[in-house]
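The chain contents come next:
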Amino acid sequence: MLTTLRRIVQAVNNAPNLMQAVEVMVSLVKEAFATDVCSVYLFDHTESRYFLMATEGLNKEAVGQVSLGVSEGLVGLVGLREEPVNIEIASAHPKYRYLAETGEEKFGSFLGAPIIHHGRVLGVVVVQQGGKRCFDQSEEAFLVTICAQLAGVIAHAESTGALAGIPYLYGKDRPVEFRGVSGATGVAIGPAVVIYPLADLDAVPDRKVDDIEPEVEVFEHALAAVQAAINKLRDSYEHTLQREEKDLFDVYLRILDKNSIGGEIIDKIKEGYWAQSALRIVVEQYVKNFEAMDDPYLRERAADVRDLGLRILAQLQQNKPPQLEYPERSILIGEEITTSVLMEIPKHKLAGIVSVKGSINSHMAIVARALGVPTVVGAVDLPFSQLENCTLIVDGYQGLVSVNPNPESLKHYEALRAEEEQLVEDMEGYRDLPAETPDGHKVALWVNTGLMADVLRSLDRGAEGVGLYRTEIPFMIRDRFPSEQEQIDIYQEQLQAFAPHPVTMRTLDIGGDKALPYFPIAEENPFLGWRGIRISLDHPEIFLVQVRSMLKAGAGLTNLRILLPMITNVLEVEEACYFIHRAYLEVKEEGFDIEMPPVGAMIEIPGAVYQVREIAQRVDFISVGSNDLTQYLLAVDRNNPRVADLYQSCHPAVLQALQIIVDEAHKEGKPVSICGEMAGDARTAVLLMAMGYDSLSMSAANLLRVKWALRQINMESAKTWLNDIKQFDNAEVISSYMDMAFERVGLGGLTRAGK
Ligand code: PEP
Ligand code: MG
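Overview of the structure. (Residues numbered from 1 in each chain as written. Chains lettered and ligands numbered in written order. Predicted model: local features only at pLDDT ≥ 70, side-chain atom pairs only at ≥ 80, totals over all residues. Heavy atoms only, no water.)

The next point concerns the overall build of the chain. Across its full length, the chain carries 27 helices and 22 strands. What you see for the chain is a C-alpha radius of gyration of 30 Å, in line with the 27 Å of a compact globule of 755 residues. Each of the three principal axes of the chain carries a C-alpha extent, and together these read 95 × 85 × 50 Å. Here the chain holds 755 residues, and the buried ones make up 56% of them. If you take every contact in the chain between residues at least 6 apart in sequence, the share linking residues at least 24 apart comes to 67%. When the 70 basic and 106 acidic side-chain charges of the chain are each reduced to a single mean position, those positions are 1 Å apart. (Helix = DSSP H or I, 4+ residues; strand = E, 2+ residues; numbered from the N terminus. Rg over C-alpha atoms; globule rule 2.2 N^0.38 Å. Buried < 20%, exposed > 50% of the residue type's maximum accessible area, 1.4 Å probe, protein only. Contact = heavy atoms within 4.5 Å. Lys, Arg positive; Asp, Glu negative; His and termini not counted. Charge placed at Lys NZ, Arg CZ, Asp CG, Glu CD.)

On to helix α2 (residues 18-33), then. Over its 16 residues, α2 runs 22 Å from end to end, which matches the ideal 22 Å to within 8%, given 1.5 Å per residue. Residues of α2 that are buried: L18, A21, V22, M25, V26, L28, V29 and F33. Following α2 by one or two positions, A34 adopts a phi angle in the positive range, close to 45 degrees. (Expected span 1.5 Å × (residues − 1).)

With that settled, consider the coordination of the magnesium ion (ligand 2). Around the magnesium ion (ligand 2), the protein supplies E604 (OE) and D628 (OD) as donor atoms, at distances of 2.1 to 2.3 Å. With E604 in the loop between β19 (599-603) and α19 (606-609) and D628 in helix α21 (residues 626-634), the pair connects residues that are 24 residues apart, well separated along the chain. The residues E604 and D628 share a single accessibility class, namely buried. (Donors = N, O, S within 2.8 Å, 3.2 Å for Na, K, Ca; no water.)

With that settled, consider the site of ligand 1. The immediate surroundings of ligand 1 are formed by 13 residues, with R470, R506, G625, N627 and R638 found nearest. For ligand 1, an oxygen atom lies 2.7 Å from a polar atom in the backbone of N627. Here an oxygen atom of ligand 1 and a backbone polar atom of D628 are 3.0 Å apart. Surface burial for ligand 1 is 99%, taken as the share of its 290 Å² of free accessible area covered by protein chains. Looking at the shell around ligand 1, the elements that each hand over two or more residues are β16 (466-470) and α21. (Near = heavy atom within 4 Å. Polar contact = N/O pair within 3.5 Å; in protein donor to acceptor, adjacent residues only side chain to side chain. Areas by Shrake-Rupley, 256 points an atom, 1.4 Å probe, with all protein chains shown as cover.)

A few words on the nonpolar core. Counting 166 residues, the largest nonpolar core has I622, L658, I661, Y693 and L696 as the members making the most contacts within it. For this core, the leading source of residues is helix α18 (residues 570-589), giving nine residues. Every residue in contact with L696, bar those within four places of it in the chain, is listed here: V443, A444, L445, W446, I674, A679, A685, L688, V706 and L710. If you look at the next biggest cluster of nonpolar residues, it comprises 34 residues, including L5, L18, M25 and F135. (Core = buried A, V, L, I, M, F, W, Y, C linked by side-chain atoms within 4.5 Å.)

Let's shift gears to the sheet that holds strand β20 (residues 621-624). Read once around its circumference, the closed barrel built from eight strands follows the order β15-β16-β17-β18-β19-β20-β21-β22, with strand pairing classed as parallel. Going from strand to strand, the sheet's axes swing by 25 degrees on average, the running direction of each strand aside. Taken together, the four bridges between strand β15 (residues 444-449) and strand β22 (residues 695-698) define a ladder with parallel strand orientation. The residue bridging A444 from the neighbouring strand is S695, located in β22. Docked against the sheet, helix α17 (residues 540-553) engages β17 (503-506) and β18 (560-564), running at close to 155 degrees with respect to β18. (Pairing = 2+ DSSP bridges. Axes fitted to C-alpha atoms, helices over the stretch in contact; angles between N-to-C directions.)

Looking now at the pattern of salt bridges. In this structure the tally under the stated criterion is 29 salt bridges. The salt bridge partner of E139 is R133, with a shortest N-O separation of 2.6 Å. An identical accessibility class is assigned to E139 and R133; each is buried. A salt bridge links E336 to R306; the shortest N-O distance between them is 2.9 Å. Taken as a pair, E336 in the loop between β10 (330-334) and α10 (339-344) and R306 in helix α9 (residues 296-316) lie far apart in primary sequence, 30 residues in all. A relative accessible area of 23% places R306 in the partly exposed class. (Salt bridge = Lys/Arg side-chain N within 4 Å of Asp/Glu carboxyl O.)

That is the geometry; function is a separate question.
Written out as structure tokens, the structure is:
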């Protein structure tokens, strides 16, 4: 049995497409069961019907013709029960439905099993036998195993759009949704523009040359042209991007340098290769090395090298990059959208980006965030090459891409986008007003920053301070640790821009999904590994330089606050405070005019929730990292699209933990802020205010929206809502309750916006 099973599984997996996988499966299963019929019915979700997709034993003419409603016949029964149905005399069953076209009246017994993927019924596999036969339990288990295998194949075909190729199943332009990960928030709607490589490096043949000099010359010429083009791009962004983002271009230029790849290619030419294959050989080697690295940030560098290789090849082939006519509101899609491609598109034509490869750490995603372009990365199933000109919705909040959306969702997202634009306009008037409820309760609204671009946007929106400056971001876009002076300069920009308002600088929070190119960390389980304060305490030389830089940057100002990430126990707090004091004394001794800044601890590990009082006794303030706290409390990877629906900030356990934290910290007289994404969602922001949070720190994009909500909702109502939701035992009900509460007070549009 096991050998047969393995043979079928292998045949299904090796089939070139879904149709062939299903056809080979029905034939092999029929043979394995030594039975008369095996058929597969596929569920069409748009029509809510099961279509006969393949059969051995029934009339093949019926394929694609015969269909059953969602609860019709024994097939419908299998789907509804979501478990196998095994019947000795099928025609005697009340659910039995006779289908003349299939010629099935001859077959008496029936065994059907559902094909289920992630809780969704995709179809049903049926075996039938003439006369009476009782399929036994091992046969049932066999069929269930086959179905589990087929489920993956069908789900993949569905998500890649391959099902659209089966004419009786889905219309060509039907709406489909693809999931990725948020690269930059916001909503974009527009036509897809497919970005593909300029030239094909893989296609370059190996050729040898005798005359080396002219080849070197040709290459140097091409290299210089690409360097000049990158410099030009850099200059064209002179006023749009800040220094740090522009440093990305320097990384590109350094890769091309004669001491780096540029030089290696010349060496290869000198071995007798013509320029194009020398280029291909060196670039391929670099790409392979980068891609083999465990560190996600370094893996991303493979894309940069490949992109630069293609640019030089295009030059060598005199194949100038085609000047595309970009339509209004273009959404760039492709296997890998790189930073330089993104930079070449006129900003006013660019609405969104979807990249099959890439992650939240990609240079491209960092730049997209700085430019405020809604972006989805890691949309692994996106059949991008088939989508030129299709209308897309990019939901950069949820990491979702809708292809050929139906009129309702188009309307919904159009409204959302228009609302976002309108809101920003309407909110202008709120820019300088305090976040104060009509019954006089004030909450400080702060922003989360990382790059200088965030600072400018935040000031523009009237932020009252920075609740979280993620210092790892300027570290991430360099190729070595920034020196003390470089750090001082970066931190000074932030502190001066906001003075006298507070700027909460979090010490380096790397590890987990945030890696530095020059400090790779290879771990089995990085989210539970060496990250945040754990690294800083193991590397006092890095930690002390960072703290000293912060203190020096704050000299003459009074707005620096230092925040410690990923605190697990009180000893970590004590040790970190010891280093901060040491740095303070050193810097003071150097003659800097500084004061000891307030020091805070982040609560983002469940264990720390139960020690908030002990932690609070040792610091000046508490800040809750609800992104990680939710991830760890619910054991749901915050970056994994497959479990995204389980990542619920309104889960009662999360809300209870948040209440405990604020109550316990207040008992020690310490202020509490929260800087995870839920602080920027108007619905949860209201609940956090009711819980007693003193300040909410969010992305600048959400600031005015949250302020608007708070200025219209009394603290008394917020407390009633919080009290009400304490009775509910699941996140869905809590979310709907909050939606309805917002609708009732006329803020319904607000809660839907930006979601
Ligand atoms: C958090 O975990 O909520 C947080 C604010 O930190 P980060 O998102 O940078 O991990
Ligand atoms: Mg965190």
